[in-house]
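Take a look at the letters that make up each chain.
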Amino acid sequence: QLQASGGGLVRPGGSLRLSCAASGSIFSINYMGWYRQAPGKQRELVAGTLSGGSTNYADSVKGRFTISRDNTKNMMYLQMNSLKPEDTAVYYCNAIVVRTSGRRYDYWGQGTQVTVSS
């Protein structure tokens, strides 16, 4: 129901853009967010956005990452600039989706690997 893409290997200081696509019979998406999990660490919030457009970021990525969404396409993006080795992790997208049935679901994407290394 959520498909993440765009990960890869990039040098320090480089950029990547992650995408997340929500599919199915969607009435609305209340919340969308990016999380990441590095080896041996807990999953952490990177950035989130509500349907009204408000956003929040982890302190570690403020000023470097930008979250955005296209409600017409049920898409979410994470533009990552000035990447650092410590940004290396599997990145997951998350969304709170209201289906046309009226039911609300909490979906997770499959994860996409981001590796920052020289």
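Further up the page is the structure itself.
Computed from a predicted structure; not experimentally measured.

What counts and what doesn't
- Residues numbered from 1 in each chain as written.
- Predicted model: local features only at pLDDT ≥ 70, side-chain atom pairs only at ≥ 80, totals over all residues.
- Heavy atoms only, no water.
- Helix = DSSP H or I, 4+ residues; strand = E, 2+ residues; numbered from the N terminus.
- Rg over C-alpha atoms; globule rule 2.2 N^0.38 Å.
- Pairing = 2+ DSSP bridges.
- Axes fitted to C-alpha atoms, helices over the stretch in contact; angles between N-to-C directions.
- Disulfide = S-S within 2.5 Å.
- Buried < 20%, exposed > 50% of the residue type's maximum accessible area, 1.4 Å probe, protein only.

**So, the overall build of the protein chain**
Assigned secondary structure in the protein chain consists of zero helices and 11 strands. In the protein chain, the order of α-helices and β-strands from amino to carboxyl end is β-β-β-β-β-β-β-β-β-β-β. The globule rule puts the C-alpha radius of gyration for 118 residues at 13 Å, and the 14 Å found for the protein chain is close to it. Across its three principal axes, the protein chain shows a C-alpha extent of roughly 50 × 25 × 25 Å.

**Looking at the sheet that holds strand β7 (residues 65-70)**
Remark on secondary structure: sheet strands pair via backbone hydrogen bonds, oriented parallel or antiparallel. Spatially, β1-β3-β8-β7 is the arrangement adopted by the four strands of the open sheet, whose pairing is antiparallel. Each edge of the open sheet is held by one strand with a lone partner, namely β1 (2-5) and β7. Each strand of the sheet is rotated relative to its neighbour by a mean of 15°, with strand direction disregarded. Examined bridge by bridge, β7 and strand β8 (residues 75-80) share six bridges and lie antiparallel to one another. When the bridges of β8 are listed, T66 appears paired with Q79.

**Topic: the state of the cysteines**
Here the structure, examined in full by the defined rule, presents one disulfide. At a sulfur-sulfur separation of 2.3 Å, the disulfide partner of C20 is C93. Looking down the S-S bond of the C20 and C93 bridge, the torsion is 70°, so its handedness is right-handed. Of the two residues, C20 is situated in strand β3 (residues 16-22) and C93 in strand β9 (residues 89-99); the sequence distance between them amounts to 73 residues. Comparing C20 with C93 shows no difference in burial state: the two are buried.

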